[in-house]
Amino acid sequence: MTKIIKRTLLVLIILVGAIFLAFKLSPYPSVWVIRYAFNKEAIRVNKELEKFVPDNIKAISNVQYDENDSDAYLDVYFDKDAVKSGKRLPVIVWTHGGGLISGDKSQLSNYCKILASKGYVAISIDYTIAPEGKYPRPMKQLNSALAFISSNSEKFHADPSYFVLAGDSGGSMIAAATANIITSPEYAQNTLVEPGLRPDQLKSLLLYCGIYEIDKLKIEGAFGSFLRTVMWAYFDSKDISNDEYAKTASVTNFLTSSFPPTFISAGNIDPLLPQSRLLAQKLSDLNVQIDTLFFPENHEPPLGHEYQFTLDDAGKLALERSLGFVDSIAK
């Protein structure tokens, strides 16, 4: 074996070892791989929704909701005709998904335009994704965004007395926790997050495919590996079993009967479906008004994580049912 071959093999061994250690010592290498794949898919899904977007939607882009936060921007969408008379519209504030480690507000642009065409001001927000943003920073940012929107509602044709929080995947987790912060002073104190709205301003929630309890996550298999990466990135720890503060992220353990009326849905093969069912059951036990859209176990075609953004029959049903629920709360 020549010296060149030996040196090449040694370099390869060192490189493989360094990569192995990098994945073991930090969540960043895994996060970068996942983030690339998730962002690519989210951009594709958003592009597919273009054909459903009407022409009459006005966008106000890249509004900074906290001048001291370089990640604190939001986009606003509304129907130009709906606001001609000066009418204020109910507000849907959507927090994007991406497993807490990927995504941005632009990936919701077409879905928010569709929501706006139904008579709402639809607002998508950016927040600091993990590992760059650790728990509870996204919740603090969402509450800051809500306070900003409420204080500047006239600029956005928004009715400050009618907020709906919405979210998908990791965004659902943030939205649900924020709703509990707003409606439960004890939970706000536990999480050390200041509410951005009064309870009477928050009318309802739309929650898709979220995580609501971290205490009993199944971390076996490929999806379990993904969840371990997310938890490590979000809480800056591989093991939060003895971290009482981190456990406040399990909103299902802190719910009260003051939680707002909530629409909950997930696909029949979504690995996070049990989380949505758990939230629905706990809210039902508290006599909180809920509506759910779950599908038979053998539903065809199978509906996976984030099924609602594909506006086929199931996606259209989800859109119709969720907005019908919001409207029913107003009556």
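Residues numbered from 1 in each chain as written. Predicted model: local features only at pLDDT ≥ 70, side-chain atom pairs only at ≥ 80, totals over all residues. Heavy atoms only, no water.

Visitor: Is there a simple way to explain the nonpolar core in this structure?
Guide: Among soluble globular proteins, nonpolar side chains are generally buried collectively. If you look at the biggest cluster of nonpolar residues, it comprises 107 residues, and the most contacted ones within it are L74, V93, W94, I123, I214 and F235. No other element matches helix α5 (residues 170-183), which puts 8 residues into this core. If near-sequence neighbours (up to four positions away) are discounted, W94 is found in contact with L108, Y111, L115, I123, S124, I125, A166, G167, D168, Y208 and F309. (Core = buried A, V, L, I, M, F, W, Y, C linked by side-chain atoms within 4.5 Å. Buried < 20%, exposed > 50% of the residue type's maximum accessible area, 1.4 Å probe, protein only. Helix = DSSP H or I, 4+ residues; strand = E, 2+ residues; numbered from the N terminus. Contact = heavy atoms within 4.5 Å.)

Visitor: In this structure, what is going on with the pairing of strand β2 (residues 73-79)? I would like to understand it.
Guide: Residues in a regular strand point their side chains to alternate faces of the sheet. Summarising burial for β2: 6 of the 7 residues are buried, a large majority. Alignment of strand β1 (residues 57-64) against β2, held across 6 bridges, turns out to be antiparallel. Note that in β2 the partner of Q64 across the bridge is Y73. Pairing of β2 with strand β4 (residues 121-125), which is carried by 4 bridges, proceeds in the antiparallel orientation. Bridge pairing in β4 places V76 opposite I123. (Pairing = 2+ DSSP bridges.)

Visitor: Would you take a moment to explain the side chain of R35 for this structure?
Guide: Structurally, R35 is set in helix α2 (residues 28-48). For R35, a relative accessible area of 14% corresponds to the buried category. Of the polar contacts made by the side chain of R35, one reaches the backbone oxygen of A130; its length is 2.8 Å. In contact with R35, not counting residues within four places along its chain, are I101, S102, I129, A130, P131 and E132. (Polar contact = N/O pair within 3.5 Å; in protein donor to acceptor, adjacent residues only side chain to side chain.)

Visitor: Can you help me understand the environment of A176 in this one?
Guide: Note that A176 resides in helix α5. Owing to a relative accessible area of 0%, A176 belongs among the buried residues under this scheme. Between the C-alpha atoms of A176 and L279, which are 103 residues apart in sequence, the distance is 9.7 Å. Those residues within four positions of A176 in sequence are excluded, and the remaining contacts are L205, L207, Y212, V251 and F259.

Visitor: I keep staring at the pattern of salt bridges and nothing clicks. Help me out?
Guide: One side chain can pair with another of opposite charge once the charged atoms of both are near each other. All told, the structure shown has 10 salt bridges when counted by the stated rule. For K105, the salt bridge identified is with D75, shortest N-O distance 2.9 Å. Here D75 lies in strand β2 and K105 lies in the loop between β3 (89-95) and α3 (109-116), a separation of 30 residues in the sequence. The exposure class assigned to K105 is buried, which follows from its relative accessible area of 6%. (Salt bridge = Lys/Arg side-chain N within 4 Å of Asp/Glu carboxyl O.)

Visitor: Before we go on, may I ask you to explain the sheet that holds β2 in this structure?
Guide: Think of a sheet as strands paired side by side through backbone hydrogen bonds, with each pair either parallel or antiparallel. An order of β1-β2-β4-β3-β5-β6-β7-β8 is seen for the 8 strands of this open sheet, with the pairing classed as mixed. Taken across any chain shown, the strands that pair with only one partner, and hence form the sheet edges, are β1 and β8 (290-293). Here the strands of the sheet are splayed against their neighbours by 20° on average, with no regard to which way each runs. Helix-sheet contacts for helix α9 (residues 313-330) involve β3, β5 (158-168), β6 (202-208), β7 (262-265) and β8, and the interaxial angle to β6 is about 165°. (Axes fitted to C-alpha atoms, helices over the stretch in contact; angles between N-to-C directions.)

Visitor: I'm lost on the packing of helix α4 (residues 137-151) against α5 in this one. Help?
Guide: Angle between the axes and distance between the axes: these two values describe a pair of packed helices. Interhelical geometry of α4 versus α5 gives an angle of 65° and a closest axis separation of 9 Å. Seen along the crossing, α4 lies across α5 with a hand that is right-handed. Residue-level contacts link P138, M139, L142, N143 and L146 of α4 to I174, A175, A177, T178, I181 and I182 of α5. Of the residues belonging to the contact of α4 with α5, the class tally is 9 nonpolar, 2 polar and no charged. (Left-handed = near helix turned anticlockwise from the far one by under 90°. Nonpolar A, V, L, I, M, F, W, Y, C, P; charged D, E, K, R; others polar.)

Visitor: What am I meant to see in the pairing of β5 here?
Guide: Of all the 11 residues making up β5, 8 are buried; the element is thus mostly covered by neighbouring parts of the structure. In the sheet, β3 pairs with β5 via 6 bridges, with the strands oriented parallel. Counterpart to W94 in the pairing with β5 is A166. Sheet topology places β5 next to β6; 6 bridges connect them, and they run parallel.

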